[in-house]
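Okay, here's what each chain looks like letter by letter:
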Amino acid sequence: MGICLSSNGFEQERNKQAEQVMKEAKRTLINHTKVLLLGTGDSGKSTILKQMRVINALPFSTEEVEHYRQVIFTNLITSMRIVHGILNEEGIDCSEDIKALFNSIDQAPEISPSQPYPTQYLKALQELWDDSDVQKAVLIAKQFALPDNSTYYFQHLPRLFDAEYSPTPQDIIHARVRTTGIQETRFIYGKRTVSIIDVGGQKSERRKWIHCFQQVTAIMFLVSLSGYDQTLSEDWETNQMQDAMIVWESICSSPWFERTSFILFLNKEDLFKEKITHSPIKRYFPDYDGRESSVKDGEEYFKRRFLHLHKKGLQTLTNSANSPGRPKIPVNVNQTEVRTVYPYFTTATDTNVIRNVMSSVNDIILIDNLTASAFL
């Protein structure tokens, strides 16, 4: 004999099921966090992601270690080829011996899996790096496309060329691999799962960012402080810092993130401290009013610029609140506070610095999750 429910009984059962679904969604929201990792090219996003793996004791697989071993050799060769190009463009004269060494580097092949670094390139790379004329080109190349990891690797050449060499975690953290597409990495913080969504920062990759915008708890945006006098690796006419400001303002003005906390990493502080002693900020940012060669004044200037753009973005959102073309995004009626931005000065290659910063970031994310869950 079948069981028939009255219309009232049916409604009660449906409401009960709906409440259960909402409870499950709320539990999932509290226990699962989605963080979007954004920034322009060479800002250090991938480095931060690798640091998170180290901090959370997520080891690199044997295949990953071998991949990075090959990448490091490529980074060495690529860096020296860039320096060679700058040396020719700037007309820096060098000896015939140095020219012959550059020619050998230009002919260097990619290494295959498990193949040791060819020993003949150890001598060539070391002699080139130690040459005074080459170092003149290195200083100029740092304003263009020379990877920031060059100094680190060239200081460890004998170790890297050991026949039994296997990359250390620090070697892997410094490895430069261009991010393409969308990559997700999951970590466990306490009882919560945190998904870090990393997308490429080059101009050609930014169109993919829109696919990651929904249900984001927080945004981690990276800026290279040392990029104030550098150009983009894919566009030598565009200043890195200016490009980062443009992208940051567009993100701050996006309705998708009106109630999303922003965590701003003013990254590569170590390189910034070195560079500011010989490369004046005012040469690239005429409105800079701080002391020349002052790290504190320089950092405060750029932090102020980014916080101003954040405030400008909030004003844009307010002005466009009733725009018919604005996307319809659910708003938590219980969340009335103005969106917050949390700025940090960081050195992505320093594990201790990132560990301390991420401890604070984790607290921010937890609070945001609890606030967002009140919507359900």
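Residues numbered from 1 in each chain as written. Predicted model: local features only at pLDDT ≥ 70, side-chain atom pairs only at ≥ 80, totals over all residues. Heavy atoms only, no water.

Of regular secondary structure, the protein chain possesses 13 helices and eight strands. Buried positions account for 46% of the 376 residues belonging to the protein chain. Accessible surface for the protein chain amounts to roughly 19,300 Å². Of this, 53% is attributable to carbon and sulfur atoms. (Helix = DSSP H or I, 4+ residues; strand = E, 2+ residues; numbered from the N terminus. Buried < 20%, exposed > 50% of the residue type's maximum accessible area, 1.4 Å probe, protein only. Areas by Shrake-Rupley, 256 points an atom, 1.4 Å probe, with all protein chains shown as cover.)

In this section: the sheet that holds strand β2 (residues 182-189). Read across the open sheet, the six strands follow the order β2-β3-β1-β4-β7-β8; overall the sheet is mixed. A single partner strand is all that each edge strand has here, and the edge strands are β2 and β8 (341-345). Looking at each pair of strands side by side, their axes are set apart by 20 degrees on average, direction ignored. Relative to strand β3 (residues 192-199), β2 runs antiparallel, the two sharing eight bridges. For Ile188, the partnering residue across the bridge sits in β3 and is Thr193. Strands in contact with helix α10 (residues 240-252) are β1 (32-39), β4 (218-224), β7 (261-267) and β8; relative to β4, the strand with the most contacts, it is inclined by about 165 degrees. (Pairing = 2+ DSSP bridges. Axes fitted to C-alpha atoms, helices over the stretch in contact; angles between N-to-C directions. Contact = heavy atoms within 4.5 Å.)

In this structure the tally under the stated criterion is 21 aromatic pairs. With a centroid separation of 6.0 Å and 70 degrees between ring planes, the pair formed by Trp248 and Phe306 is classed as edge-to-face. Of this pair, Trp248 sits in helix α10 while Phe306 sits in helix α12 (residues 295-319), and the two are 58 residues apart along the sequence. Like Phe306, Trp248 is buried. If you follow Arg339 out to its NZ or CZ, it ends over the ring of Phe262, 4.4 Å from the centre. (Phe/Tyr/Trp six-rings, centres within 6.5 Å; stacked < 30°, edge-to-face > 60°. Lys NZ or Arg CZ within 6 Å of the ring centre and 35° of its normal.)

This part takes up the environment of His84. Within the element layout of this structure, His84 appears in helix α3 (residues 62-90). For the pair His84 and Leu128, spaced 44 residues apart in the sequence, the C-alpha separation amounts to 9.8 Å.

What follows deals with α12. Its 25 residues place the ends of α12 36 Å apart at the C-alpha level, agreeing with the 36 Å of an ideal helix rising 1.5 Å per residue. Within α12, the full set of buried residues consists of Gly298, Glu299, Tyr301, Phe302, Phe306, Leu309, His310, Gly313, Leu314 and Leu317. On its buried face, α12 sits against β4, α10, β7, α11 (269-275) and β8. (Expected span 1.5 Å × (residues − 1).)

Glancing now at the confidence of the model for the protein chain. The predicted coordinates ought not to be read in detail in places where the model reports low pLDDT. Per-residue pLDDT for the protein chain has a mean of 84; in total, 81% of the residues score no lower than 70. Ranking the elements of the protein chain by mean pLDDT puts helix α1 (residues 7-31) last, at 52, and helix α8 (residues 157-160) first, at 97. Note that pLDDT drops below 50 for residues 1-5; the model gives that stretch one contact with residues more than four away or on any other chain. pLDDT under 50 marks residues 21-26. Its contacts with residues more than four places away, or in other chains, come to four contacts. (pLDDT = per-residue confidence, 0-100.)

What follows is about the packing of α3 against helix α6 (residues 132-141). Running from N to C, α3 and α6 point in directions that differ by 95 degrees, and their axes come no closer than 8 Å. If you check the angle between α3 and α6, you find them roughly perpendicular. Counted together, Met80, Ile82, Val83, Ile86, Leu87 and Glu90 of α3 and Asp133, Val134, Ala137, Val138, Ile140 and Ala141 of α6 form the full contact between these two elements. Classifying every residue of the contact of α3 with α6 gives 10 nonpolar, no polar and two charged. (Parallel < 35°, antiparallel > 145°, perpendicular 65-115°, else oblique. Nonpolar A, V, L, I, M, F, W, Y, C, P; charged D, E, K, R; others polar.)

The next thing to look at is the environment of Ile98. Structurally, the position occupied by Ile98 is in helix α4 (residues 96-106). Distance from Ile98 to Val134, taken between C-alpha atoms, is 8.6 Å for residues 36 residues apart in sequence. In contact with Ile98, other than residues within four places in its own chain, are Glu127, Leu128, Asp131 and Val134.

What follows is about the nonpolar core. Judged by nonpolar contacts, the single largest core of 42 residues is most densely connected at Met80, Val83, Leu125 and Phe161. Elements with a contribution of two residues or more to this core: α3, α4, α5 (120-130), α6, α7 (150-154) and α8. In terms of residue count, the dominant contributor to this core is α3 (12 residues). Apart from the residues lying within four places of it in its own chain, the contact partners of Phe161 are Phe73, Leu76, Tyr117, Pro118, Thr119, Tyr121, Leu122 and Leu125. Phe221, Met245, Trp248 and Phe262 belong to the second-largest nonpolar core, a separate cluster that totals 31 residues. (Core = buried A, V, L, I, M, F, W, Y, C linked by side-chain atoms within 4.5 Å.)

Contact geometry of α3 with α4 gives a least axis separation of 10 Å together with a crossing angle of 130 degrees. With respect to α4, the axis of α3 lies oblique. As for how α3 packs across α4, the hand of that crossing is left-handed. Facing α3, whose interface residues are Ile77, Met80, Arg81, Val83, His84 and Leu87, α4 presents Phe102, Asn103, Ile105 and Asp106. Grouping the constituent residues of the contact of α3 with α4 by class yields six nonpolar, two polar and two charged. (Left-handed = near helix turned anticlockwise from the far one by under 90°.)

Let us look at the pattern of salt bridges. All chains considered together, the criterion is met by 16 salt bridges. The closest approach of N and O atoms between Arg159 and Asp171, which form a salt bridge, is 2.8 Å. Within this pair, whereas Arg159 is found in helix α8, its partner Asp171 is found in helix α9 (residues 169-174), the two being separated by 12 residues in sequence. On the accessibility criterion, Asp171 (0% relative accessible area) is buried. Taking the shortest distance from any N to any O, the salt bridge between Asp287 and Arg305 comes out at 3.5 Å. In this pair, Asp287 sits in the loop between α11 and α12 while Arg305 sits in helix α12, placing the two residues 18 residues apart along the sequence. (Salt bridge = Lys/Arg side-chain N within 4 Å of Asp/Glu carboxyl O.)

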